[in-house]
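Letter by letter, the chains look like this.
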Amino acid sequence: MASLQHQPSRDWKSEKAKKQARIKEIQALRVLRKAQIQLEKENKGENGGSGDGGSLPLSEPSIDVDEYLKSLGLQPQSDTSIFTDEDKSPALASDGSNLHGKSPATKAEDFQRRVDRLTVSQVTQTNIPPHEVVAYAKETQTVQSGPDHRDFLTFDDGQEEESLSLDHRHSKLPPGILRHGMPEVMEVTPALTEGEKEISKMKEEEKLKVELSEDEKEAIALSPDFQRFVLRAAKIMERAISQQLPDILVDYAKSADAEDEREKSATKLSLNRVFFDDKWSRNRCVTCLDWSSQYPELLAASYSHNADAPNEPDGVCLIWNTKFSKTTPEFIFHCQSPLTACTFAKFHPNLVLGGTYSGSIVLWDNRLEKRTPVQRSPLTTSAHTHPVYCLKVVGTQNSHNVISISTDGKLCSWSLDMLSQPQETLDLAYRQGKPVAATSLSFPPGGINNFIVGSEDGTVYSGCRHGTKTGILEAFDGHHAPVTGIHSHAVPGPVDFSNLYLTSSFDWTLKLWSLKESKPLYSFDGSGDYVYDVAWSPIHPSVFASVDGGGKLDLWNLNNDTELPAASATVDDPVALNRVSWTESGLHVVVGDDMGKIWVYDVGEQLAIPRSDEWQKFSKTLTELKYNQTTEDFDMSSNSSR
């Protein structure tokens, strides 16, 4: 509470007397004013009609106020008690007289105007604090282990005496002190370790969890986003689990065993792994194999129908990954017609093309969460009406087409943007004869115009897509049964062998051809069954692979031997091998059988990797083969003439 401020003592009686004197002076002025008004009226009555004036002249002397007050028995006050210092100074009138020389009316007006001024007076203020009711609350305080979290009373130096005075309620209270002066009792939080904090946090999170109903769980499980997430996560986990770790027990200080090294180098062909899916590839014949140009570890395989599963799709295309040790396909595509061919879109790695037994072309996109084709060509007479046995993508990044051949005697060119109808159609007929029932197709390395096809009648044809002469240009007779496979030489090197190509046939033979010769350069007759496919090595000029109906894989090296294969392997199951393909590195060869399995074999470096003189040796080998062929033809002609 603030202390009282003591003001100096005043003489209240003198103040009262002054106020009463002022009141009397004002009353006297009013009486004087009334007397003046009455006097003016009387003067007007006496001087009515005269122009001398209706009021007293200002120059005449007026009644003295002080004398008038004395006549009434009042003692007049000094001007200092009413007027300010400014009014005490002589105010000159226009006639040179001062304030005391003015008329009574003028003095009354000046007095009335000056008495309205206000003055500042001092006011004494006293604060009386209200009476407070003190209440007490009882709480329980427990002693906890750990650091002390209690608050201590602290006082500021400048307010210590004031807080202890009687008016401490109006000062600033320290923290933890209530208004009634008693300390506030707070609950002490116990100290927790990091583990206890984590447990507490987990308990709080569990409280916030909302249990879903069975219908809500089923709706989430069937949502496309959830299924996409599960499939993606499953693929990643499968890759991580199936990944083979390096041998951690290898001893680098131990000298290498020479015998083991010789055995390893002598192993020219060994089984690496088998791709098989019990649901999608069982009892289905592998009809085509193709590798991705952007991801060399991805292998596309097309399958025909499964006679034991009539409710399953007839055509299936599986994308396998040779980089990881997983046993399931990366992507699964299918359609309603058996597949006879498949290929990756060379310049669009997300697109996969398929040729069907019904004659249509189908297109899949692995970026979409659907296994059915996103595009399909219609079954019209302007396109294929027979099975499509081969698909090739030719051209450049900015200008490329998909080429398809069929046994209906047509070669069609397609655009990936529109499969509703082919851009070009070329009738395959030799010398205006019957249409060529093409079963296989091959383009020379880098070629988009010239092509080679094998037919059902065993004849090999060369043709041209554009130019002055289009269609079938030449025929090469050699096989006595349908041609099952054809492959052009595409190994770059110091010597160009792009004019060479190999063919396989149901007549149990393989033949080596040259576009410069009308007859085969050499015939490999050592097979004991139908030869279904043949393929050149991508890195060795004189090595190629072939497969037959007896489940046998043969690797040939023409620089070493032309009569017998350099290495052979037979699959364990009694199946026929339909297709063969090399990896881009040339160190692995892949074959597919008629029961849905794909066998991956490792090729020994001694056989797979060429030496620098292999091209020259292969050139000499070809010269010897041509000479031997000429000698045989001469002997046959001599015997026939006899």
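Calculation criteria
Residues numbered from 1 in each chain as written. Predicted model: local features only at pLDDT ≥ 70, side-chain atom pairs only at ≥ 80, totals over all residues. Heavy atoms only, no water. Helix = DSSP H or I, 4+ residues; strand = E, 2+ residues; numbered from the N terminus. Buried < 20%, exposed > 50% of the residue type's maximum accessible area, 1.4 Å probe, protein only. Contact = heavy atoms within 4.5 Å. Areas by Shrake-Rupley, 256 points an atom, 1.4 Å probe, with all protein chains shown as cover. Pairing = 2+ DSSP bridges. Salt bridge = Lys/Arg side-chain N within 4 Å of Asp/Glu carboxyl O.

Enquirer: Give a description of the overall build of the chain that names residues and reports values.
Expert: Counting its regular elements, the chain contains 11 helices and 28 strands. Sorting the 642 residues of the chain into buried and exposed places 36% on the buried side. Counted over contacts in the chain with a minimum sequence separation of 6, partners at least 24 positions apart contribute 51%. As presented, the chain carries roughly 40700 Å² of accessible surface, and 52% of it is formed by carbon and sulfur atoms.

Enquirer: Lay out the sheet that holds strand β7 (residues 351-356) in plain terms, naming residues and giving numbers.
Expert: Strands sit in the order β6-β7-β8-β9 across an open sheet of four strands; the sheet is antiparallel. Here the strands that pair on one side only, and so sit at the sheet edges, are β6 (339-344) and β9 (375-376). In this structure, strand β8 (residues 361-365) lies alongside β9, joined through two bridges in antiparallel fashion. From the neighbouring strand, Val362 faces β9, where its bridge partner is Arg376.

Enquirer: I'd like a description of the pairing of strand β23 (residues 543-548), backed by residues and values.
Expert: Counting buried positions along β23 gives six out of six residues, so the element sits mostly inside the fold. The alternating pattern of β23 places Val543, Ala545 and Val547 and Phe544, Ser546 and Asp548 on opposite faces, both of which are buried. Relative to β23, strand β22 (residues 531-536) runs antiparallel, the two sharing five bridges. Looking at β23, one finds that Asp533 is bridged to Val547. Remark: six residues form the turn of the hairpin made by β22 and β23, two consecutive strands paired antiparallel. Hairpin connection of β23 to strand β24 (residues 552-557): three residues between the antiparallel strands, including Gly551 at a positive phi of 80°.

Enquirer: A description of the pattern of salt bridges should follow, citing residues and the corresponding values.
Expert: Applying the stated criterion to the full structure yields 10 salt bridges. As a salt-bridge pair, Arg282 and Asp278 come within 2.3 Å of each other at their nearest N and O atoms. One salt bridge in this structure joins Asp573 and Lys597, with 2.9 Å as the shortest N-O distance. Taken together, the residues span a long stretch of sequence, with Asp573 in the loop between β25 (567-570) and β26 (577-582) and Lys597 in the loop between β27 (588-593) and β28 (598-603) at a distance of 24 residues. Bridged by salt links that share partners, the residues Asp225, Arg228 and Glu369 form one connected network.

Distances and angles like these do not, on their own, reveal function.
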